[in-house]
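Descriptive structure summary
Here are the chains, one letter per residue:
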Amino acid sequence: MYKTFFIETYGCQMNFADSEIVHSILVNVGYVPTMEIRKADFVFINTCSIRDHAEQRVLNRLQEVQSLKKKRPHLIIGILGCMAERLQKQLIEKNKNVDLVVGPDAYRRLPEMLNSLSTQDKAIDTLLSTEETYSDIEPIRLSSNRVSAFIAIMRGCENYCAYCVVPYTRGRERSREARTIIHEAQVLFDQGYREVTLLGQNVNSYRCDTVDFADLLALTAQINPLLRVRFATSHPKDLSDKLLETMAQYPNICRSIHLPIQSGSDTILQKMNRKYTLAWYKDRIAAIRRYLPDCSLSTDIIVGFCDETEQDYKDTLSLMQEVGYASAFMFKYSERPDTYAAKHYADNIPEDVKSQRLAHVIDFQQQSSLLSNQRDIGQTFEVLVEGVSKRSTTQYIGRNSQNKVVIFSHTDEKPGDYIYVRITDCSAVTLFGQRIE
Ligand code: SF4
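One structure accompanies this document, and this report is about it. It should be emphasised that the depicted structure is a prediction, and the values quoted were computed from it without experimental measurement.

Definitions and limits used
- Residues numbered from 1 in each chain as written.
- Predicted model: local features only at pLDDT ≥ 70, side-chain atom pairs only at ≥ 80, totals over all residues.
- Heavy atoms only, no water.
- Helix = DSSP H or I, 4+ residues; strand = E, 2+ residues; numbered from the N terminus.
- Buried < 20%, exposed > 50% of the residue type's maximum accessible area, 1.4 Å probe, protein only.
- Contact = heavy atoms within 4.5 Å.
- Areas by Shrake-Rupley, 256 points an atom, 1.4 Å probe, with all protein chains shown as cover.
- Lys, Arg positive; Asp, Glu negative; His and termini not counted.
- Charge placed at Lys NZ, Arg CZ, Asp CG, Glu CD.
- Expected span 1.5 Å × (residues − 1).
- Near = heavy atom within 4 Å.
- Nonpolar A, V, L, I, M, F, W, Y, C, P; charged D, E, K, R; others polar.
- Pairing = 2+ DSSP bridges.
- Axes fitted to C-alpha atoms, helices over the stretch in contact; angles between N-to-C directions.
- Phe/Tyr/Trp six-rings, centres within 6.5 Å; stacked < 30°, edge-to-face > 60°.
- Disulfide = S-S within 2.5 Å.
- Salt bridge = Lys/Arg side-chain N within 4 Å of Asp/Glu carboxyl O.
- Polar contact = N/O pair within 3.5 Å; in protein donor to acceptor, adjacent residues only side chain to side chain.
- Parallel < 35°, antiparallel > 145°, perpendicular 65-115°, else oblique.
- Left-handed = near helix turned anticlockwise from the far one by under 90°.

Take the overall build of the chain next. For the chain, the helix and strand inventory stands at 14 helices and 21 strands. Across its three principal axes, the chain shows a C-alpha extent of roughly 65 × 55 × 45 Å. Buried positions account for 57% of the 437 residues belonging to the chain. Counted over contacts in the chain with a minimum sequence separation of 6, partners at least 24 positions apart contribute 71%. Entry remark: accessible area of the chain is about 19500 Å², with carbon and sulfur atoms responsible for 51%. Of note, the chain has its 53 positive side-chain charges centred 3 Å away from the centre of its 55 negative side-chain charges.

Here we take up helix 1 (residues 13-28). Along its 16 residues, helix 1 runs 23 Å from first to last C-alpha, staying within 8% of the 22 Å computed at 1.5 Å per residue. The complete set of buried residues in helix 1 reads Met14, Asn15, Ala17, Asp18, Ser19, Glu20, Ile21, Val22, His23, Ser24, Ile25 and Leu26. Directly beyond the C-terminal end of helix 1, a positive phi value near 100° is found at Gly30.

On to the site of the ligand. Residues in contact with the ligand, as listed here, are Cys157, Asn159, Tyr160, Cys161, Tyr163, Cys164, Val166, Pro167, Gln201, His235 and Arg274. Here the residues of the shell around the ligand are counted per class, giving seven nonpolar, three polar and one charged.

Here six strands make up an open sheet; going across it, the order is 2-1-3-4-5-6 and the pairing parallel. Pairing within the sheet leaves two strands with one partner each, and these edge strands are strand 2 (32-33) and strand 6 (123-125). Relative to strand 6, strand 5 (residues 100-102) runs parallel, the two sharing three bridges. Within the sheet, the bridge partner assigned to Leu100 lies in strand 6 and is Ala123. Packing against the sheet, helix 1 makes contact with strand 1 (4-9), strand 2, strand 3 (42-47) and strand 4 (76-81), and its axis sits at approximately 170° to strand 1. On the sheet, helix 2 (residues 52-71) packs against strand 1, strand 3 and strand 4 and is oriented at approximately 175° with respect to strand 3.

A word on the packing of aromatic side chains. Summed over the entire model, instances satisfying the criterion amount to eleven aromatic pairs. Where Tyr31 meets Phe42, the ring centres are 5.0 Å apart and the plane angle is 90°; that geometry is what we call edge-to-face. Here Tyr31, found in the loop between helix 1 and strand 2, pairs with Phe42, found in strand 3; they are eleven residues apart in sequence, far enough to count as distant. Since its relative accessible area comes to 14%, Tyr31 is described here as buried. Relative to Tyr168, the ring of Tyr160 lies with its centre 5.6 Å away and its plane at 75°, an arrangement referred to as edge-to-face. Take Tyr168: its relative accessible area is 34%, and that puts it in the partly exposed class.

One pass over the structure, following the stated rule, counts zero disulfides. The thiol sulfur of Cys12 is not disulfide-bonded, and the nearest other cysteine sulfur, from Cys48, lies at 6.3 Å. Unpaired in this structure, Cys426 has its nearest cysteine sulfur neighbour in Cys295, at a distance of 19 Å.

A separate point is the pattern of salt bridges. Following the criterion strictly, the structure yields 37 salt bridges and no others. Linking Asp417 and Lys414 is a salt bridge whose minimum nitrogen-to-oxygen distance equals 3.5 Å. Overall, Asp417 belongs to the partly exposed group, its relative accessible area being 22%. Each of the salt bridges in this network shares a partner with another, and the network as a whole consists of Asp18, Asp105, Arg155, Arg170 and Arg174.

What follows deals with helix 14 (residues 351-374). Between its first and last C-alpha, helix 14 extends 34 Å over 24 residues, near the 34 Å set by a 1.5 Å rise per residue. When helix 14 is considered as a whole, its buried residues turn out to be Lys354, Arg357, Leu358, Val361, Phe364, Gln365, Ser368, Ser369, Ser372 and Asn373. At its buried positions, helix 14 is contacted by strand 15 (296-303), helix 12 (310-323), strand 16 (327-332), strand 20 (418-426) and strand 21 (430-436).

A few words on unusual backbone geometry. In the segment running from Ala232 into Thr233, the intervening peptide bond is cis, with an omega of -5°. Within the secondary structure, Thr233 is located in the loop between strand 13 (228-232) and helix 9 (241-249). The phi dihedral of Tyr134 falls on the positive side, at around 55°, and the residue is not glycine. You can call Tyr134 buried: its relative accessible area is 1%. Phi at Asp338 is positive, roughly 80°, even though this residue is not glycine. Within the fold, Asp338 resides in the loop between strand 16 and helix 13 (340-344).

We now examine the environment of Asp412. Mapped onto the elements of the fold, Asp412 is located in the loop between strand 19 (405-409) and strand 20. Given a relative accessible area of 59%, Asp412 falls into the exposed group. Looking at Asp412, its side chain comes within polar contact range of the side chain of Thr411, at 3.5 Å. A distance of 3.1 Å separates the side chain of Asp412 from the side chain of Arg435, its partner in a polar contact.

This brings us to the packing of helix 9 against helix 11 (residues 278-291). Direction vectors running N to C along helix 9 and helix 11 enclose 25°, while the axes themselves pass 9 Å from each other. The angle between helix 9 and helix 11 falls in the class roughly parallel. For helix 9 against helix 11, the interelement crossing comes out right-handed. Across the interface between the two elements, Asp241, Leu244, Glu245 and Ala248 from helix 9 touch Arg284, Ala287, Ile288, Arg290 and Tyr291 from helix 11. Tallied by class, the residues present in the contact of helix 9 with helix 11 amount to five nonpolar, no polar and four charged.

On their own, these measurements won't tell you what the molecule is for.
In structure tokens form, the structure reads like this:
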């Protein structure tokens, strides 16, 4: 009788890409994926540690999953990802029904660890590697559309931003061999995919032998002009002119850059160990505008970092005003154990101040997103069709090169088609338009 497994994934795109790798590893040894948690013999939760809130969500979910074991005692529960790495055997000590704890670099050992549970009670492997990139494993794609896919091109991070747990949970930075990445992108294109997103925690520091990130982007774009290429997440310190020149050279490299600023204050940036100044960041924004005038910009912002003054926070708002981001991910600072900030700084901004600052930046960004979208009204964009809109079957959804969601009335287009859409209306998060011939 075959055994079935179910994976639930939390956190960033890298985690979703990892779940696709885990699917592949398990399917290759004969296990069968199921979409129904109640029918699974193995339930895995692929976890995120980036904020306390993210961990609490997983722990609450874990309680529900553990209750399934009452009716089905043979059920195996495994914790994967960053929480597995951070908490290790504590996860088993505090949650008696957890059977497996597997860190992000140990997924190849999953089948062996599952087998070991026939002779032992629990299994843990959280060893981090300096070499593992899973480059020989063809992920089983789990995205809801067959148009766009993620390709993890590197793993880990060693920037040690003072607030961030990633260098401790995902280990040293290592890049995949370029030829394996290009092969994966080519296979996806041949299967009908029309967009790949190259993923890494610090994607533009990619380097393998003599190939840097700009070279890799060019090689991927050369596969076919019909293959759109995106990437996430860039670090401002590694945003070179060569990279921007390469983007400008290939129209199929999308005009959208996610460039996390985190704070608009040099004092805070230095405390965060972000390794750039505000002047450097602004210089990079000016360079983007020079090389790619139609490029949209998005960012990440943390408010309420240790010692952040009212002025520091206002400096963040000024920067947001100056850049006019199309979108942003905004968070309150959440202290993570073992990070530099947790060890050396006081988490001294009161919770209510953090909340007020966050509410204000969110509000500010809403207006900025709306303005950015309003500027698109009347313009025509090439849109890659993704499928039916969630709201109505007569409407389809796609994205333009600037990574904005575009909704339009369906005629005869199919997912994967490129069409032209004239924008007639917008909200802060969506463009609405009419297809033009
Ligand atoms: S660049 Fe900084 S914030 Fe991003 S993953 Fe690395 S350490 Fe974390």
